[in-house]
Amino acid sequence: QDTSPNPYASSPATSHLTSSTNAGPRMNATFVTLARNSDLWEISRSIRQVEDRFNHAFNYDWVFLNDAEFDDTFKKVTSALTSGKTFYGKIGSEHWGFPSWIDQDRAKKVRNEMREKKIIYGDSVSYRHMCRYESGFFFHHPLMLNYEWYWRVEPSIELYCDIPYDPFKFMADNKKKYSFVLSLYEYVETIPTLWDSVTKFMAKHPEHVAKDNSMAFLSNDGGKTYNHCHFWSNFEIGSLLWLRGQGYTDYFNSLDRDGGFFYERWGDAPVHSIAAALMLPKDEIHWFEDIAYYHVPFTHCPTGEQKRIDGKCHCNPKDNFDWNGYSCTEKYLQVNGRSKPEGWEKEQ
Ligand code: GDP
Ligand code: MN
């Protein structure tokens with residue numbers, strides 16, 4: 001595995017300047033991006049936005065992970081765009097591939113069926129490896145082991161408002177372990193037996209289920225069935241220590257054994273979300289209402305004109321997805337005894 005620091009990083013003579021231009025303590029944190037070389041120009045747009053809206057003042061590191069070697073152009077361009085140190089890692093074959101217990105014929109049959117049914121990414125092998133990697137392995141990559149906090153960034157996202165404070169520090173100061181900006185319902189066809197697996201896990205490991213959990217976010221009937229609500233994991237700020245802990249480890253291994261990453265098309269979003277909702281107390285999950293964000297096809301634009309003016313936001317509040325019937329954010333607020341932000345109805 002290539003864990004060497006990247007050759008395009010700032011020289012030792014100047015690197016002290018980029019340690020942080022923002023006063024105050026830095027967290028042990030990094031951005032993390034899973035990408036292919038061909039994602040270069042789309043991830044470049046994302047990096048530019050993250051740097052302009054936040055990281056130019058904080059200079060957090062950025063870890064790039066890939067199942068193939070990153071090429072020189074990818075490293076050169078992304079290093080030029082980032083203000084912190086950059087690291088480029090190749091994912092080992094033990095974390096990107098079919099585990100031994102998967103029946104290849106059965107998996108292939110499912111992909112063919114999903115192709116016929118036109119289920120999004122239903123026929124893709126690489127998408128399944130990606131979902132499994134994001135679900136169970138990115139936080140174990142050697143380049144990630146030194147960090148306590150991660151912020152996931154995908155290609156082609158947008159940040160519409162300034163982020164004038166450190167969300168990593170917010171997470172640490174407020175004892176949060178997982179966070180989101182958008183939530184929605186998952187396609188049922190991609191996860192028909194995920195809830196069965198989760199139910200099995202809970203019966204086997206009741207010690208990992210938090211007392212004050214968010215089961216009501218996931219289920220409308222006290223846990224019998226899954227309502228398909230999940231936090232959208234293309235944006236996440238979270239605790240790596242939590243993901244590397246015993247609870248999440250037992251959870252992922254249990255799900256992985258059941259084979260749904262390959263016999264269905266389980267996404268890392270419902271997998272992470274269910275873990276957070278069941279194994280963390282409610283108040284360790286945070287909704288970043290103030291982080292204005294886009295990933296195709298949904299937008300989160302903060303409610304309240306003055307907030308948007310102060311944040312130099314460039315999103316149209318009418319594009320905000322939160323109070324749309326397909327969003328689960330209203331349910332999240334209900335579960336937490338909160339109401340929608342004041343003035344939301346005027347900005348529909
Ligand atoms: P979507 O958001 O669900 O439509 O999926 P994306 O195409 O955005 O993929 C999710 C993340 O995984 C993005 O950061 C991609 O760059 C990355 N990704 C997807 N497939 C692969 C792959 O085969 N190899 C690598 N290295 N990264 C991938
Ligand atoms: Mn994406």
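Just so it is clear, the model here is predicted, and its values are computed rather than measured. (Residues numbered from 1 in each chain as written. Chains lettered and ligands numbered in written order. Predicted model: local features only at pLDDT ≥ 70, side-chain atom pairs only at ≥ 80, totals over all residues. Heavy atoms only, no water.)

Peer 1: Explain the site of ligand 1 to me, please; I cannot follow it from the model alone.
Peer 2: Leu-34, Asp-39, Asp-67, Tyr-121 and Tyr-127 are the nearest of the 14 residues found near ligand 1. Measuring from an oxygen atom of ligand 1, one finds a backbone N or O atom of Leu-34 at 2.6 Å. The side chain of Arg-36 places a nitrogen or oxygen atom 3.2 Å from a nitrogen atom of ligand 1. A per-element tally of the shell around ligand 1 places helix H5 (residues 125–136) first, with three residues. Of the residues belonging to the shell around ligand 1, the class tally is seven nonpolar, three polar and four charged. (Near = heavy atom within 4 Å. Polar contact = N/O pair within 3.5 Å; in protein donor to acceptor, adjacent residues only side chain to side chain. Helix = DSSP H or I, 4+ residues; strand = E, 2+ residues; numbered from the N terminus. Nonpolar A, V, L, I, M, F, W, Y, C, P; charged D, E, K, R; others polar.)

Peer 1: Is there a simple way to explain the side chain of His-95 in this structure?
Peer 2: Counting through the fold element by element, His-95 comes out in the loop between strand S3 (86–90) and helix H4 (104–116). Ignoring anything within four residues of it in the chain, the contact list for His-95 reads Tyr-133, Phe-137 and His-140. (Contact = heavy atoms within 4.5 Å.)

Peer 1: Before we go on, may I ask you to explain a nonpolar patch on the surface in this structure?
Peer 2: A cluster of nonpolar side chains, contributed by Ile-120, Tyr-121 and Tyr-187, occupies part of the molecular surface with about 320 Å² of accessible area. Assignment of secondary structure puts Tyr-121 in the loop between H4 and H5. When its relative accessible area of 41% is taken as the criterion, Tyr-121 is described as partly exposed. (Patch = residues over 30% accessible without salt bridge, like charges linked within 9 Å, V, L, I, M, F, W, Y side chains within 5 Å. Areas by Shrake-Rupley, 256 points an atom, 1.4 Å probe, with all protein chains shown as cover. Salt bridge = Lys/Arg side-chain N within 4 Å of Asp/Glu carboxyl O. Buried < 20%, exposed > 50% of the residue type's maximum accessible area, 1.4 Å probe, protein only.)

Peer 1: Can you help me understand the pattern of salt bridges in this one?
Peer 2: Any two side chains of opposite charge can pair, so long as their charged atoms come close to each other. Across all of its chains, the model carries 16 salt bridges by this definition. Across the pair Glu-154 and Arg-152 runs a salt bridge, and its minimum N-O distance is 2.8 Å. In this structure, Glu-154 and Arg-152 share a single accessibility class: buried. Among the salt bridges present, the one from Lys-200 reaches Asp-258, with a minimum N-O distance of 2.6 Å.

Peer 1: Teacher, can you tell me more about the nonpolar core here?
Peer 2: Side chains that are nonpolar tend, in soluble globular proteins, to be buried together. Among the nonpolar cores identified, the biggest contains 60 residues, and Leu-65, Phe-138, Tyr-248, Tyr-251 and Ile-274 are the most heavily contacted of them. With seven residues, helix H12 (residues 268–279) is the largest single contributor of residues to this core. Not counting chain neighbours up to four residues away, the residues in contact with Leu-65 comprise Val-32, Thr-33, Leu-34, Ala-35, Phe-70, Gly-89, Ile-91, Tyr-133, Phe-138, His-141 and Leu-143. Counting 35 residues, the second largest nonpolar core, distinct from the first, contains Tyr-60, Trp-62, Val-181 and Ile-291. (Core = buried A, V, L, I, M, F, W, Y, C linked by side-chain atoms within 4.5 Å.)

Peer 1: Help me understand the coordination of the manganese ion (ligand 2), please; the structure alone is not making it clear to me.
Peer 2: By definition of the ideal shapes, four donors in a tetrahedron about a metal sit 109.5 degrees apart, and six donors in an octahedron sit 90 or 180 degrees apart. All of the protein donors around the manganese ion (ligand 2) are Glu-154 (OE) and His-295 (NE2); their distances to the metal are 1.9 to 2.2 Å. Here Glu-154 is found in the loop between strand S4 (149–152) and strand S5 (158–159), whereas its partner His-295 is found in strand S11 (residues 293–295), with 141 residues between them in sequence. Comparing Glu-154 with His-295, the two get one shared label, buried. (Donors = N, O, S within 2.8 Å, 3.2 Å for Na, K, Ca; no water.)

Peer 1: Any chance you could explain the packing of aromatic side chains here in plain terms?
Peer 2: Pairs of aromatic rings are described using the distance from one ring centre to the other and the angle between the two planes. Inspection of the entire model under this criterion finds 47 aromatic pairs. With centroids separated by 6.5 Å and ring planes inclined at 5 degrees, the aromatic side chains of Phe-58 and Tyr-60 adopt a geometry described as stacked. Phe-58 sits in the buried class, given a relative accessible area of 5%. Residues Tyr-178 and Phe-231 carry aromatic rings whose centres are separated by 6.0 Å and whose planes lie at 45 degrees to one another, so their mutual orientation is tilted. With Tyr-178 in strand S6 (residues 178–180) and Phe-231 in strand S8 (residues 229–231), this pair connects stretches of sequence that are 53 residues apart. As far as the burial class goes, Tyr-178 and Phe-231 line up, both buried. The positively charged end of Arg-26 is found above the aromatic ring belonging to Tyr-60, 4.7 Å away from the centroid. A cation over an aromatic ring shows up here: Arg-257 above the ring of Trp-101, its NZ or CZ 3.8 Å from the ring centre. (Phe/Tyr/Trp six-rings, centres within 6.5 Å; stacked < 30°, edge-to-face > 60°. Lys NZ or Arg CZ within 6 Å of the ring centre and 35° of its normal.)

Peer 1: Would you take a moment to explain unusual backbone geometry for this structure?
Peer 2: Along the chain, Val-296 connects to Pro-297 via a cis peptide bond; the corresponding omega equals 0 degrees. Within the secondary structure layout, Pro-297 lies in the loop between S11 and strand S12 (298–300). The phi dihedral of His-228 falls on the positive side, at around 75 degrees, and the residue is not glycine. Relative to the helices and strands, His-228 is located in the loop between helix H8 (215–218) and S8. Phi at Lys-312 is positive, roughly 50 degrees, even though this residue is not glycine. Mapped onto the elements of the fold, Lys-312 is located in the loop between helix H13 (305–310) and helix H14 (329–335). You can call Lys-312 exposed: its relative accessible area is 60%.

Peer 1: I'm lost on H12 in this one. Help?
Peer 2: The first and last C-alpha atoms of H12 sit 16 Å apart over 12 residues, in line with the 16 Å expected at 1.5 Å per residue. For H12, a buried count of 12 out of 12 residues is recorded, marking the element as mostly surrounded by other parts of the structure. Every buried residue of H12 is listed here: Asp-268, Ala-269, Pro-270, Val-271, His-272, Ser-273, Ile-274, Ala-275, Ala-276, Ala-277, Leu-278 and Met-279. (Expected span 1.5 Å × (residues − 1).)

Peer 1: It is not clear to me how the confidence of the model for the protein should be interpreted in this structure. Could you clarify?
Peer 2: It should be kept in mind that the predicted coordinates are not to be read in detail where pLDDT is low. Mean pLDDT over the protein works out to 94, with 93% of the residues at or above the 70 mark. Every residue in residues 1–19 is under pLDDT 50, and counting partners more than four places away or in other chains gives 29 contacts. Both confidence scores are given for the complex: pTM 0.94, ipTM 0.99. (pLDDT = per-residue confidence, 0-100.)

Peer 1: Please explain the sheet that holds S12 as it appears in this structure.
Peer 2: Sheet strands pair via backbone hydrogen bonds, and the direction of the pair is either parallel or antiparallel. Pairing is antiparallel in the open sheet, where three strands are placed in the order S5-S11-S12. Unpaired on one side and paired on the other, S5 and S12 mark the two borders of the sheet. Taken together, the three bridges between S11 and S12 define a ladder with antiparallel strand orientation. Residue pairing for S12: His-295 is matched across the bridge by Phe-298. (Pairing = 2+ DSSP bridges.)

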